[in-house]
Each structure stands twice: as structure tokens, then as C-alpha cells.
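Spelled out, the chains give:
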Amino acid sequence: MIEFENVSMGFDKAVLNNITFSLPTGSMLGLIGQGGVGKSVLLKLCCGLLEPNAGRVSLGREALTGQSEEHLARMRQEIGMAFQNTALFDFMSVGENIAFPLRQKGGLSDIEIDARVLDCLTRVSLPTIANLAPSALSGGMKKRVALARAMIHRPPFIFCDDPTAGLDPVTSSRIFRMIDEMRTQYGSTCVVVSHDTGGLFKRCDFVGLLRDGAMAYFGPTQDAMSHPTVAEFTLGKARTQ
Amino acid sequence: MSWGSFVRSADEMLTLILALVTGALGGRFDARETWQQLYLVGVRSLPIVIVTAIFAGGISAIQVSAHVVRFQAYDAVGWGFGFVVFRELGPLLIGLMFSGRVGAFNAAELGTMKVTEQLDALRVLAINPLNYLVGPRIVAMVVMMTALVMVGNVFALLGGMLTAQVLVDVDPMVFWISLTDYVRPVDLFNGLVKAGLFGFVIGLVSCRHGLAVDGGAPGVGRAVNQAVVASALGIFCFDYLVTAILP
């Protein structure tokens with residue numbers, strides 16, 4: 001379960017204001033909203049990369065808020081995150097990037113790790129690129145590799161920041177399917193930010209719409225389209241900020 | 001630089017030192033990354049250090065030679081050369097070269113990692129960037145700067161001997177005897193202490209500026225520029241302090 005209780009966050013000005021929601025274990029939340037509304041900030045709050053100005057964020061039964069960096073590091077072993085601009089490590093090959101979470105965690109032999117890397121690369125339909133440098137990949141390939149790295153340690157919590165940005169519909173659809181498969185197989189709780197509402201709504205159980213720093217809608221996907229604010233947004237009629 | 005930003009910068013530097021000392025005492029620095037950095041920082045810098053050292057040795061010999069001819073003090077060439085190169089010119093010139101090559105690269109690499117969220121990605125993978133990236137780099141710079149100055153001293157000696165022989169016809173054996181008779185081990189030690197300190201300063205300053213990058217590619221450029229300038233200033237300040245304190 002992921003819980004936000006009255007969470008507010010701002011830098012020079014307020015970004016998120018009094019956000020409250022609870023996402024059940026094993027479900028997927030599709031987070032939508034206009035650019036700059038605070039979706040990435042919300043994901044970073046979920047990972048403990050940012051500390052809220054007010055309120056409380058919890059993963060499972062444990063609060064992320066107010067923990068020491070050592071404690072957060074332990075909690076983050078249960079997290080997989082695919083960043084908006086992939087954040088692949090330039091100084092490692094694709095294979096090393098994907099294997100990195102497992103090597104740091106320990107407990108597996110090199111042979112087991114190599115097998116898991118190959119399995120992950122096969123899942124993302126890129127089985128032959130383990131020795132390439134990230135700089136040699138296209139945008140779509142990088143996104144899929146970032147996803148593979150986020151999922152290789154089968155984390156209970158997966159966060160994806162715009163994994164389909166700038167991708168063709170075929171690759172976008174493949175990425176949503178992959179996230180859904182991993183969630184089903186490992187029972188992970190996922191939060192996915194995307195502007196591809198069509199693809200996202202097919203896969204997610206819940207929809208969250210951020211507007212003006214507040215959660216304008218949070219509820220089951222099947223009810224989302226009948227909600228005027230969500231319908232307005234998905235049809236491109238949302239008022240500009 | 002305003003007083004406010006100077007104080008903030010000093011505060012960040014002290015916080016960084018404290019975190020690194022804690023990491024080092026806890027044995028948390030990544031061993032594999034440390035070995036890799038030792039190679040990248042040290043072995044890859046060898047050619048440029050050797051060239052710098054040969055020229056530094058040659059220049060010192062040229063400067064000393066003018067006075068040698070004037071006073072007919074041929075047996076003082078080795079001493080003059082050793083004193084200047086081992087204590088001062090070697091660590092200083094190699095330090096500045098090292099700052100330009102390794103420090104600038106380091107600030108650019110860490111800065112790029114910051115703006116492309118690679119540092120955040122490390123943190124999400126439960127890895128402390130200070131222990132994984134910064135600590136190994138600073139250790140490598142201290143160790144390799146000291147080692148490079150030792151290697152540089154040998155090549156500076158060769159450059160100095162050759163120049164002295166060609167310019168003022170000082171026999172290499174006379175040069176060597178003058179060097180070993182008058183230059184004390186403490187002169188060599190003095191230079192090596194400076195080298196280690198310069199390595200620490202370059203490492204700390206370049207890492208701090210790299211980690212503090214803000215504002216995309218222009219921010220990375222600014223950080224590299226600031227890192228090189230601040231490292232050079234740090235080198236001169238510590239050079240002054242060590243020269244004043246050590247015998």
C-alpha cells in the first residue's frame with residue numbers, strides 16, 4: 001500500500017497542496033496532469049528523494065517521512081524507479097546497468113545475475129544489447145532498459161516517470177504491457193506517470209489527476225472517464241494554469 | 001563571490017568532509033570503484049605528467065645554469081635543481097596539470113550525472129553517492145597525485161641532467177653527486193606532502209562543484225570553470241601553508 005496523508009510540497013512556490021490518497025497493494029495508479037503540475041515531484045516523494053514540507057508518505061506499513069538516510073536506503077531496496085530521462089549510468093554497459101541493483105543487493109552468483117539480466121532484456125525485447133553503451137541506444141531502447149533496471153530486483157513498489165514520452169504507439173503499448181505483466185507476476189504496487197491516457201487507462205486500476213497542485217480526481221479507472229474533470233483533461237479541454 | 005555564498009560554500013565543503021570521514025571510517029567506500037578510479041586518475045595521467053616533469057626539470061636547469069656559468073659553480077647545479085624541483089616546481093606544476101585534466105573531468109562527470117538524475121538513480125538503488133562516487137575519487141586523487149609526483153621527480157631529474165649537460169656542459173655524474181650531497185630527504189618529503197594535499201584539494205573541490213551543479217549544460221560548464229579556478233587557488237594556499245610550516 002502507498003499512502004499520502006495531507007502531503008504538501010513546495011520549493012520557491014507551492015507545488016503540491018494537501019494531497020491525500022491510498023493505493024492498495026498490487027494495484028496500479030495512472031497519474032496524469034498537465035506539464036509542471038508536480039507529477040514527478042509526487043514520484044520523488046514516493047521514493048523518499050524529497051521530504052514533504054507537511055504531511056506523511058508511507059510505503060507498506062512504514063513511513064518514508066522523517067527517516068534517516070540509512071533507513072531510507074534500506075526502504076529503497078524495495079523500490080524500482082524508471083526516471084523520466086532514463087538516468088542510465090553512462091560509465092556502465094547496458095548489462096551492467098541492469099545488473100547493478102542485484103550486484104549491490106548481493107546474495108546472487110554472477111551466473112544467476114547474468115541469467116536475470118538476459119531474462120529482463122528478453123522481456124523488453126532487447127536480448128542482444130547487453131554489451132552496448134547506453135549512448136548507443138535510441139530513446140525507446142533507453143526507456144525499456146531503464147524499465148528493466150527498475151524491475152530486475154522484483155521490487156514491491158515500482159514508479160515510472162513518463163516511460164512512454166516521445167515513443168511511437170507500438171513501443172508505448174509494449175511498455176505499458178510490460179509494466180502490467182511485472183505487476184501481475186510479482187504483485188508490485190505501481191505508480192505510472194504518463195500523458196498517453198489511452199494506453200495508461202487500459203492497464204491501470206486507479207487514476208489520479210493532479211490539477212493546480214491538488215488531486216482533482218482519485219478513483220477507479222472505470223469511473224474516471226465519467227468524471228467531468230478527467231474527461232475534460234483527456235479530451236484536451238482542461239483550463240490552462 | 002559574496003560573503004554569503006563563501007560561507008555557504010565553506011559549510012557545504014565541511015559537511016562533505018564530515019560525510020566522507022564517516023564513510024571512510026566505516027569502510028563504506030566502494031572498493032571496485034576505488035580501483036577503477038586509481039587507474040583512470042593515475043595511469044591515464046602518466047603521459048602528461050611525464051612530459052610536464054621533463055620540461056619542469058629542463059626549465060629549472062636552464063634557470064640555474066645562468067648563475068652557474070656566472071659564478072663558475074658547476075657543482076651546485078644538482079643542488080639548485082633538486083631543491084627547486086622536488087620541493088616546489090614538481091608538485092606545483094603537476095598539481096595544476098592534474099587539476100586541469102582530472103579535476104575538470106571529475107566536476108563535469110559528476111555535474112552531468114546530477115543533471116541527468118543519475119545521482120538520484122543511485123539513491124533510489126539504496127546507494128549513497130558520496131560513498132560510491134565521491135570517496136573513491138578523492139582517495140584515488142590523493143594516492144595518485146603523490147605517486148605521480150614521485151614518478152615526475154624521476155623524469156624531471158632526467159630532463160634537468162640532460163639540459164645541464166647540453167647547455168653548460170655539466171657532467172651527469174657531477175650533477176648527481178651535487179644533488180645527493182645537498183638535497184635532503186626532507187626536501188623530497190616536503191614535496192610529497194604537498195602532492196598529497198593538492199590531490200585532496202583537487203578531489204574535494206571538483207566533487208563539491210560537480211555535486212552542486214544546477215541548471216543543465218550551462219551549469220555543468222560553470223561548475224567545471226569554478227572547480228579549476230578554486231582548485232588552483234587551493235593549491236597555492238596550501239603550498240604557502242606547507243612551505244611556511246614544514247622545515
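See the structure above.
A.B. asks: What am I meant to see in the overall build of chain A here?
C.D. replies: Tallying secondary structure elements over chain A gives nine helices and ten strands in all. Taken over the C-alpha trace, chain A has a radius of gyration of 18 Å; the compact-globule value for 241 residues is 18 Å, and the two agree within 12%. Projected onto the principal axes, the alpha-carbon positions of chain A cover approximately 50 × 40 × 35 Å. Taking all 241 residues of chain A together, 53% fall into the buried category. A separation threshold of at least 6 residues defines the contact pool for chain A, and within that pool the share at least 24 residues apart is 65%. By element, 50% of the accessible surface of chain A is carried by carbon and sulfur atoms, the whole surface being about 10,300 Å². Distance between charge centroids for chain A: 4 Å, based on 24 positive and 24 negative side chains.

A.B. asks: Could you clarify how one ought to interpret the sheet that holds strand 6 (residues 79–82) of chain A in this entry?
C.D. replies: By way of backbone hydrogen bonds, the strands of a sheet pair with one another, either parallel or antiparallel. Residues and elements named next belong to chain A. Strands sit in the order 6-7-8-3-9-10 across an open sheet of six strands; the sheet is mixed. Only two strands of the sheet have a single neighbouring strand rather than two, namely strand 6 and strand 10 (214–220). Along the sheet, successive strands turn relative to each other by an average axial angle of 15°, direction set aside. Inspection of the sheet shows strand 6 paired to strand 7 (residues 157–161) by four bridges, in the parallel sense. Considered in strand 7, the bridge of M81 is made with F159. Each of strand 3 (28–33), strand 7 and strand 8 (189–193) touches helix 6 (residues 169–186); the most contacted strand, strand 8, lies at about 165° to it.

A.B. asks: Is there a simple way to explain the packing of aromatic side chains in this structure?
C.D. replies: For any two aromatic rings, the description comes down to two numbers: the centre-to-centre distance and the angle of the planes. All names here are of chain B. One pass over the structure, following the stated rule, counts nine aromatic pairs over all chains. Between W79 and F83, the aromatic rings sit 6.2 Å apart at their centres with planes inclined by 35°, giving tilted as the arrangement. Taken together, the residues span about one helical turn, with W79 and F83 both in helix 4 (residues 77–115) at a distance of four residues. Residues F81 and F175 carry aromatic rings whose centres are separated by 5.2 Å and whose planes lie at 55° to one another, so their mutual orientation is tilted. With F81 in helix 4 and F175 in helix 7 (residues 172–182), this pair connects stretches of sequence that are 94 residues apart.

A.B. asks: I tried to follow the pairing of strand 2 (residues 14–23) of chain A on my own but got confused; where do I start?
C.D. replies: Side chains on a regular strand alternate between the two faces of the sheet. All names here are of chain A. As paired strands, strand 1 (residues 2–10) and strand 2 are joined by six bridges and run antiparallel to one another. Bridge pairing links F4 to F21 in strand 2. If you look at the hairpin formed by strand 1 and strand 2, you'll find three residues sitting between the two strands.

A.B. asks: Could you clarify how one ought to interpret the interface of chain A and chain B in this entry?
C.D. replies: Often, the extent of an interface is quoted as the loss of accessible area upon association of its parts. On the side of chain B, 18 residues touch chain A, which itself brings 25 residues to the contact. With both sides pooled, the region where chain A packs onto chain B buries about 1,800 Å², and carbon together with sulfur makes up 58% of that total. When residues of chain A are sorted by the area they lose upon contact with chain B, L49(A), F89(A) and F91(A) head the list and together hold 28% of the total. At the junction of chain A and chain B, the tally comes to three salt bridges. For the salt bridge of E117(B) with K44(A), the shortest nitrogen-to-oxygen distance reads 3.0 Å. Across the contact surface, chain A and chain B share four residue pairs in polar contact (both at pLDDT 80 or more). For the side of chain A that touches chain B, the secondary-structure elements that each account for two or more residues are helix 1 (39–47), helix 2 (69–76), strand 6 and helix 3 (94–105) of chain A. When residues of the side of chain A that touches chain B are assigned to their parent elements, the largest contribution, five residues, is made by helix 3 of chain A. In terms of residue class, the side of chain A that touches chain B is made up of 13 nonpolar, five polar and seven charged.

Thresholds applied
Residues numbered from 1 in each chain as written. Chains lettered and ligands numbered in written order. Predicted model: local features only at pLDDT ≥ 70, side-chain atom pairs only at ≥ 80, totals over all residues. Heavy atoms only, no water. Helix = DSSP H or I, 4+ residues; strand = E, 2+ residues; numbered from the N terminus. Rg over C-alpha atoms; globule rule 2.2 N^0.38 Å. Buried < 20%, exposed > 50% of the residue type's maximum accessible area, 1.4 Å probe, protein only. Contact = heavy atoms within 4.5 Å. Areas by Shrake-Rupley, 256 points an atom, 1.4 Å probe, with all protein chains shown as cover. Lys, Arg positive; Asp, Glu negative; His and termini not counted. Charge placed at Lys NZ, Arg CZ, Asp CG, Glu CD. Pairing = 2+ DSSP bridges. Axes fitted to C-alpha atoms, helices over the stretch in contact; angles between N-to-C directions. Phe/Tyr/Trp six-rings, centres within 6.5 Å; stacked < 30°, edge-to-face > 60°. Buried area = accessible area lost by both parts, 1.4 Å probe. Salt bridge = Lys/Arg side-chain N within 4 Å of Asp/Glu carboxyl O. Polar contact = N/O pair within 3.5 Å; in protein donor to acceptor, adjacent residues only side chain to side chain. Nonpolar A, V, L, I, M, F, W, Y, C, P; charged D, E, K, R; others polar.

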